[in-house]
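Structural description and commentary
Below are the chains, spelled out letter by letter.
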There are 2 protein chains.
Amino acid sequence: MAAQGYFELNNRPSIIAWTSVVGPKEGQGPLAKYFDEVLSDDTMGLPSYEKTESAMMRKAARMALDKAGLAEEDISVMLGGDLLNQIIGSGYAAREMKIPFLGLYGACSTMAESLLIGSLILSGGYGQYALCMTSSHFSSAERQYRFPLEHGNQRPPSGQWTVTGSGATVLTTNPGLKGPVIESVTLGAISDKGIKDVNNMGAAMAPAAAETITNHLIGSGMTPADYDHIITGDLGRVGSDILLDLLAVNGVDIQDRHFDCGCEIYGDMKGIKAGGSGCGCSAVVLNGYFIPKLARGELTRILFVATGALMSPTSSQQGESIPGIAHAVSIAKEGMQ
Amino acid sequence: MAAQGYFELNNRPSIIAWTSVVGPKEGQGPLAKYFDEVLSDDTMGLPSYEKTESAMMRKAARMALDKAGLAEEDISVMLGGDLLNQIIGSGYAAREMKIPFLGLYGACSTMAESLLIGSLILSGGYGQYALCMTSSHFSSAERQYRFPLEHGNQRPPSGQWTVTGSGATVLTTNPGLKGPVIESVTLGAISDKGIKDVNNMGAAMAPAAAETITNHLIGSGMTPADYDHIITGDLGRVGSDILLDLLAVNGVDIQDRHFDCGCEIYGDMKGIKAGGSGCGCSAVVLNGYFIPKLARGELTRILFVATGALMSPTSSQQGESIPGIAHAVSIAKEGMQ
């Protein structure tokens, strides 16, 4: 059945490498052991948090190429973005690599956006390898979006904590290489229900997630039971509750298989409030926790739905509400081509 | 011959609608008569320049759908970005339209980036109609990147003037619809030769343009003589001279057919210095001036090379140089499928 934004891939890309680099705080959470690298210093010895974020992304990208056994010139396209103004995290990471670069801005939906554009391009027969990536850094985000760190501001219960982390994924349509496969994608449209509270982004993004998940199920003809997990990016505890309620209205029940990366990455750590957020949140959980499980055959199929809030400090100051967006990527274990 | 980033399209999308909306100043330049609409008021009666930019983009997008005779639900994907932090011009424009949205950030290369991603997706068999768009606004850019307008700052001879304008293009692979065709694209990698002067962005972007044009000619096996015009986005007078010199080193001579949108949009207007800039600059010249000429068969083939400077005020304050990028799109008149 036709559903807006849904595309089944004719030539399904395989995921042949995946990396996750996180900061010290994320290295103390319940998922710590799944990440490839935990930084001991959240500055990496660099003089600014923006330079650190870019270096972290470069590290994740280079590790992904190494794992895949590929050189920069093998990669047809690098797709990336981040939360920093003018996506300087990604831009300066890409500067160090001679790979054609497509800059994206999908806020915290960027990992899904990069995977879906990369998959559509490769699947169409254009290029053989794509490097998809994103990052966020607590300290660069905090000072750009909220207050100087020195301000020591408090946050309300619905507030979220930006994850310091970067994830990178290498896709290929080279038929000789195997790995988990991207089966289908659903591109999301913007949904804005009028939320203006920048400390409640989960509520702003939940309606977009509900729409995209519903469209994906209609388009693919699948039911939640076909997925081991339906994974949202960073709705956090407030947004996750809203998502389940909104889906119930659509007659969709995912409660027993819903996993929100923002709810899980810090567990019950003190001061985190409603959970983690940031592009890096879903990127490191996907690349650190889920893709390896698919690669080992411990999971059969997941739906990865990263959500983004497309406001800026300027739009918020001008009284605008927060537009939410969600893109979905369906990933199955090797051999499901 | 293989060249990095070059892709010939198997299923060539046709351009079936194109629109350009510009501000009052652009409406006094030598290309004024080619634009679909010249705004009489650069605020459009709205309370902020950011809201104006978004409204201008929405206007260009809606006009494009009207010209194409399509409804929002006919469009498979909308691809857009702009210069504002978190691309709020595009995000809030997309919010008003129920179309799957892919947010991009390529600075002033965005019109080419949106066309090439849209072309690759459609050509691969995914969706039938894509809406590609971008915008810039002098006053929203000036206060975000430089100084408050009230400051009345002067600019050096190499400085450029951000164009107020938005361009939108509708692509389709529906075989029943005809128009100029996108034949091939070349994705650019970042090039950074160490320029740090934000008042000399032409110099920062010229090396990327030279690389992408050279790669495109190698990949396509074409020579400059195969193109009526090789069009750069907004190198301005300083960057254009550098581009011609750099290409000469590669043995490529485009002098007699080079057209820089930034050099032409204001002509010799007082105070403009080295030319126009901004995502909107090449977007309105492409959609206002060149695509109609291709549609009427007055031109046979153009190479559209939009260039971007991927720095931010923060990266400049931190002493970073300016990474340049350029993406190329080869467009031929109808019937060249």
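Just so we're clear, the structure is a prediction, and the values are computed from it rather than from any experiment.

1. So, the side chain of Arg12 of chain B
All names here are of chain B. Position of Arg12 relative to the elements: it lies in the loop between β1 (6-8) and β2 (14-22). For Arg12, a relative accessible area of 19% gives the class buried. Only 3.0 Å separates the side chain of Arg12 from the side chain of Glu8, close enough to count as a polar contact. Of note is the side chain of Arg12, whose polar atom sits 3.5 Å from the backbone oxygen of Leu9.

2. A look at the packing of aromatic side chains
Inspection of every chain in the model, using the stated rule, returns 12 aromatic pairs over all chains. On the numbers, 5.9 Å between centres and 70° between planes, the contact of Phe7 of chain A with Tyr126 of chain B is edge-to-face. Here the residue Phe7 of chain A occupies a position in strand β1 (residues 6-8), and Tyr126 of chain B occupies one in the loop between α3 (110-123) and β6 (129-136), the pair thus bridging two chains. In this structure, Phe7 of chain A and Tyr126 of chain B share a single accessibility class: buried. The interplanar angle of 85° and the centroid separation of 4.9 Å between the aromatic rings of Tyr289 of chain A and Phe290 of chain A together place this pair among those described as edge-to-face. The same class applies to Tyr289 of chain A and to Phe290 of chain A, which are both buried.

3. Considerations on the relation of the copies chain A and chain B
Once chain A has been moved 0.0 Å along the axis and rotated by 180°, it coincides with chain B to within an RMSD of 0.0 Å. Read as a symmetry element, the transformation amounts to a two-fold axis. A share of 100% of interface residues in chain A that are also interface residues in chain B marks the association as one of identical surfaces.

4. Re the side chain of Thr186 of chain B
All names here are of chain B. With respect to the element layout, Thr186 can be found in strand β9 (residues 181-186). Taking the relative accessible area as the measure of exposure, Thr186 reaches 0% and is therefore buried. One polar contact links Thr186 to His216, side chain to side chain, over a distance of 2.7 Å. Setting aside residues up to four positions removed in sequence, Thr186 forms contacts with Gln4, Gly5, Tyr6, Leu116, Thr212, Asn215, His216, His327 and Ala328.

5. Observations regarding helix α2 (residues 88-95) of chain A
Most of α2 of chain A is tucked away, with eight of its eight residues classed as buried. The complete set of buried residues in α2 of chain A reads Ile88, Gly89, Ser90, Gly91, Tyr92, Ala93, Ala94 and Arg95 of chain A. Summarising the contacts, the buried residues of α2 of chain A are in contact with α1 (49-68), β4 (77-82) and β5 (101-103) of chain A together with α9 (313-317) of chain B.

6. As for the pattern of salt bridges
Scanning the entire structure with this criterion turns up 34 salt bridges over all chains. The closest approach of N and O atoms between Arg95 of chain A and Asp192 of chain B, which form a salt bridge, is 2.7 Å. Residue Arg95 of chain A is located in helix α2, and its partner Asp192 of chain B is located in the loop between β9 and α5 (201-220); the two belong to separate chains. Residue Arg62 of chain B is joined to Glu72 of chain B by a salt bridge in which the shortest nitrogen-to-oxygen separation is 2.7 Å. Here Arg62 of chain B, found in helix α1 (residues 49-68), pairs with Glu72 of chain B, found in the loop between α1 and β4 (77-82); they are 10 residues apart in sequence, far enough to count as distant. Relative accessible area serves as the criterion here: at 19%, Glu72 of chain B is assigned to the buried category. Because the salt bridges share partners, they merge into one network encompassing Lys51, Arg95 and Glu96 of chain A together with Asp192 and Glu320 of chain B.

7. Description of the confidence of the model for chain A
Put simply, chain A has an average pLDDT of 96, and 99% of its residues get 70 or more. Among the prediction metrics, the complex's ipTM stands at 0.98, with pTM recorded as 0.98.

8. What to know about the interface of chain A and chain B
The interface is formed by 60 residues belonging to chain A together with 60 residues belonging to chain B. Taking both partners together, chain A and chain B bury about 4800 Å²; carbon and sulfur atoms supply 58% of that area. Of all residues in chain A, Gln86, Arg95 and Tyr126 of chain A bury the most surface against chain B, accounting for 17% of the area lost on that side. At the junction of chain A with chain B, the criterion picks out eight salt bridges. Among the ionic pairs, Glu320 of chain B bridges to Arg95 of chain A, the shortest N-O distance being 3.2 Å. Applying the counting rule to chain A against chain B returns 42 residue pairs in polar contact (both at pLDDT 80 or more).

9. Remarks on the pairing of strand β8 (residues 165-172) of chain A
Residue and element names in this part refer to chain A. Of all eight residues in β8, eight are buried, a share of seventy percent or more. Covered by surrounding structure in β8 are Gly165, Gly167, Thr169 and Leu171 together with Ser166, Ala168, Val170 and Thr172, the residues of both alternating faces. Relative to β8, strand β2 (residues 14-22) runs antiparallel, the two being bridged by eight bridges. Its bridge partner being in β8, Thr19 is matched across the sheet by Ala168. Bridge count between strand β6 (residues 129-136) and β8: eight bridges; the pairing is antiparallel. Of the residues in β8, the one forming a bridge with Ala130 is Leu171.

10. What to know about unusual backbone geometry
In terms of backbone geometry, most residues other than glycine have negative phi values and most peptide bonds are trans. All names here are of chain A. For Gln86, which is not glycine, the phi dihedral falls at a positive 60°. Counting through the fold element by element, Gln86 comes out in the loop between β4 and α2. Owing to a relative accessible area of 3%, Gln86 belongs among the buried residues under this scheme.

11. Structural notes on the environment of Leu120 of chain B
If you trace the backbone, Leu120 of chain B turns up in helix α3. When its relative accessible area of 0% is taken as the criterion, Leu120 of chain B is described as buried. If we skip the residues at most four places from it in the chain, Leu120 of chain B touches Ile121 and Tyr126 of chain A together with Phe7, Leu9, Val185 and Leu187 of chain B.

12. Re the environment of Gly276 of chain A
Structurally, the position occupied by Gly276 of chain A is in strand β12 (residues 276-277). The residues touching Gly276 of chain A, leaving out its near neighbours within four places in the chain, are Gln160, Trp161, Val163, Asp234, Gly262, Ile265, Tyr266 and Cys281 of chain A.

13. Some words on the pairing of β9 of chain B
All names here are of chain B. Of all six residues that make up β9, six are buried, and the element is covered over most of its length. Of the strand pairs in this sheet, β9 and strand β14 (residues 324-332) are connected by five bridges, and their pairing is antiparallel. Within β14, the residue paired with Ser184 across the bridge is Ser330.

14. Things to note about helix α8 (residues 279-295) of chain A
All names here are of chain A. Here α8 spans 23 Å end to end across 17 residues, near enough to the 24 Å set by a 1.5 Å rise per residue. Along α8, the sharpest kink reaches roughly 35°, centred on Leu286. Burial of α8 is extensive: 16 of the 17 residues sit out of reach of the surface. Immediately beyond the C-terminal end of α8, within one or two residues, lies Gly297, with a positive phi of roughly 80°.

Parameters at a glance
- Residues numbered from 1 in each chain as written.
- Chains lettered and ligands numbered in written order.
- Predicted model: local features only at pLDDT ≥ 70, side-chain atom pairs only at ≥ 80, totals over all residues.
- Heavy atoms only, no water.
- Helix = DSSP H or I, 4+ residues; strand = E, 2+ residues; numbered from the N terminus.
- Buried < 20%, exposed > 50% of the residue type's maximum accessible area, 1.4 Å probe, protein only.
- Polar contact = N/O pair within 3.5 Å; in protein donor to acceptor, adjacent residues only side chain to side chain.
- Phe/Tyr/Trp six-rings, centres within 6.5 Å; stacked < 30°, edge-to-face > 60°.
- Least-squares fit on C-alpha atoms with pLDDT ≥ 70 in both.
- Contact = heavy atoms within 4.5 Å.
- Salt bridge = Lys/Arg side-chain N within 4 Å of Asp/Glu carboxyl O.
- pLDDT = per-residue confidence, 0-100.
- Buried area = accessible area lost by both parts, 1.4 Å probe.
- Pairing = 2+ DSSP bridges.
- Expected span 1.5 Å × (residues − 1).
- Bend = angle between axes of the 7 residues up to and from the residue.

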